[in-house]
Amino acid sequence: MKAFVIGNVALDETLSIEDFPRPGASIFGAALSRDLGGKGANQAIVMARTGLECRFAAAVGRDGRGQEIARRLEAEALEARLIEIAGTATDFSIILMAEQGENAVITTREAAAAMTPEMARGALDGAQAGDPLVMQGNLGAETTRAALAAGRARGMRTVLNPSPLQSYFADLWPLVDCAFVNEGEAKALGGVEAILAAGVTDVVLTLGAQGAALIRLGGRIEVTAEPCTVLDTTGAGDCFMAVALASAALRGSGLDARALGHAARAAAYTVARAGTVSAFPDRATMASLLST
Ligand code: ATP
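Just so you know, these numbers come straight off a predicted model, no measurement behind them.

## A word on the nonpolar core
It is characteristic of soluble globular proteins that their nonpolar side chains tend to be buried jointly.
Here comes step 1: Membership of the largest hydrophobic core comes to 49 residues, with the highest contact counts inside it found for Phe-56, Phe-180, Phe-240 and Leu-255.
Here comes step 2: Looking at this core, the element that brings in the most residues is helix 9 (residues 236–250), giving ten residues.
Here comes step 3: Residues Ala-57, Ala-123, Leu-160 and Val-192 belong to the second largest nonpolar core, which totals 38 residues.

Put into structure tokens, the structure is as follows:
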């Protein structure tokens, strides 16, 4: 089995600041980290670190950031298909971490938005029935729809994480087998029942420190969050989703209580560490998490 993640990739620059700038202000900040980011990349990297074979497709520009992303992805055990689009700037995020613990994120999405339906469909060559296709909300509506439809036509198991929220998600549910949503997304999308009624078989609702639940028509499996000292919750949802899917795929099963337990432990590991990709469990840690 091989997972296919089609999504975005970005370079994340994190700055610590005393307080958020008022309009017109110039303030000092300290560089905290420069890391790979983007929900698509996060999910693909976590899946690859579980040992599951994984292809990741994303668009970048022909620029220094794109080259840096390619170099950084080489360090991960995944098949990275970076699609270079001329005349487009590689996406990046500025993450402002204020002293009082709040953060604010600004993300560009020029490259992600430039991925065409043909490019996304092309990333599925060789995919087999049963292989997971994992998507998020960073690509355009047509491209996301085309990839999910192509995945369905191949008999793949389609998974959507509807984040960032987009107005077009409701139209996609008939093409989706499994959805991962947090509380805010579930509410904005009309509730878990509405998602199930639209044709999604498995909905995983993540509830931050309250844990998560796998909800199906006629059944519900809950998992509590692993107690931990919270340092930085960025990427917790991406880590949870990727580990749950990979745990099930590696065992040849559907999502189950064990997959949710593995995901909760991996996400707790992540929230107890600063950064995103650098906070995800490495391969050795992941192997020990998955052996439980
Ligand atoms: P993010 O946008 O920060 O990546 P999210 O909103 O998509 O996250 P959450 O529901 O906040 O997702 O968290 C996903 C999972 O991470 C939770 O189900 C839980 O297992 C774990 N988690 C999140 N916050 C905590 C916490 N404070 N303590 C322990 N585990 C946590």
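## Observations regarding the pairing of strand 11 (residues 202–206)
Here comes step 1: Among the five residues of strand 11, five are classified as buried, and the element is accordingly described as predominantly covered.
Here comes step 2: Of the pairings in the sheet, the one linking strand 10 (residues 178–182) to strand 11 comprises five bridges and is parallel in character. Looking across to strand 11, one finds that Asn-182 is bridged to Thr-206.
Here comes step 3: Pairing of strand 11 with strand 12 (residues 212–216) involves four bridges; the strand directions are antiparallel. Looking at strand 12, one finds that Thr-206 is bridged to Ala-212.
Here comes step 4: Connecting strand 11 to the next strand, strand 12, in antiparallel fashion are five residues, including Gly-208 with a positive phi near 55°.

## Some points on the UniProt feature "binding site: K(+)" (unreviewed entry) in the protein
Here comes step 1: Mapped onto the present numbering, the UniProt feature "binding site: K(+)" (unreviewed entry) falls at Asp-232, Thr-234, Thr-270, Arg-273 and Gly-275. A maximum C-alpha distance of 9.4 Å among these annotated residues, which run over 44 residues, shows that they cluster at one spot.
Here comes step 2: Relative to the assigned elements, Asp-232 resides in the loop between strand 13 (219–223) and helix 9.
Here comes step 3: Note on Asp-232: relative accessible area 9%, which makes it buried.
Here comes step 4: Of the polar contacts made by the side chain of Asp-232, one reaches the side chain of Thr-234; its length is 2.4 Å.
Here comes step 5: Inspection of the secondary structure assignment puts Arg-273 in the loop between helix 10 (257–271) and helix 11 (283–290).
Here comes step 6: Once you skip the residues sitting within four places of it in the chain, Arg-273 turns out to touch Leu-231, Asp-232 and Ala-279.

## Things to note about the pattern of salt bridges
Here comes step 1: Inspection of the entire model under this criterion finds 19 salt bridges.
Here comes step 2: The residue Glu-79 makes a salt bridge to Arg-55 at a minimum N-O spacing of 3.0 Å. With a gap of 24 residues between them, Glu-79 in strand 5 (residues 79–85) and Arg-55 in strand 4 (residues 53–61) connect regions that are remote in the sequence.
Here comes step 3: You can call Glu-79 partly exposed: its relative accessible area is 29%.
Here comes step 4: On the accessibility criterion, Arg-55 (6% relative accessible area) is buried.
Here comes step 5: Here Arg-152 makes a salt bridge to Asp-177, at a shortest N to O gap of 2.9 Å. Of this pair, Arg-152 sits in helix 5 (residues 141–153) while Asp-177 sits in the loop between helix 6 (169–172) and strand 10, and the two are 25 residues apart along the sequence.
Here comes step 6: Take Arg-152: its relative accessible area is 31%, and that puts it in the partly exposed class.

## Topic: the sheet that holds strand 4
Here comes step 1: Here nine strands make up an open sheet; going across it, the order is 5-4-1-8-9-10-11-12-13 and the pairing mixed. Looking along the sheet, the strands with just one partner apiece sit at the ends: strand 5 and strand 13. Adjacent strand axes in the sheet meet at a mean angle of 15°, parallel and antiparallel pairs treated alike.
Here comes step 2: Across the sheet, helix 9 is in contact with strand 8 (132–135), strand 9 (157–160), strand 10, strand 11, strand 12 and strand 13; its angle to strand 10 comes to roughly 150°.

## So, the side chain of Asn-138
Here comes step 1: The topology assignment puts Asn-138 in the loop between strand 8 and helix 5.
Here comes step 2: Judged by relative accessible area, Asn-138 falls into the buried class, the value being 11%.
Here comes step 3: If we ignore the near neighbours within four places in the chain, the residues touching Asn-138 are Asn-8, Lys-39, Ala-112, Ala-113, Ser-163 and Pro-164.

Here is what the cut-offs are and how they apply
- Residues numbered from 1 in each chain as written.
- Predicted model: local features only at pLDDT ≥ 70, side-chain atom pairs only at ≥ 80, totals over all residues.
- Heavy atoms only, no water.
- Core = buried A, V, L, I, M, F, W, Y, C linked by side-chain atoms within 4.5 Å.
- Buried < 20%, exposed > 50% of the residue type's maximum accessible area, 1.4 Å probe, protein only.
- Helix = DSSP H or I, 4+ residues; strand = E, 2+ residues; numbered from the N terminus.
- Pairing = 2+ DSSP bridges.
- UniProt positions renumbered as here; feature names shortened; annotations may be inferred.
- Polar contact = N/O pair within 3.5 Å; in protein donor to acceptor, adjacent residues only side chain to side chain.
- Contact = heavy atoms within 4.5 Å.
- Salt bridge = Lys/Arg side-chain N within 4 Å of Asp/Glu carboxyl O.
- Axes fitted to C-alpha atoms, helices over the stretch in contact; angles between N-to-C directions.

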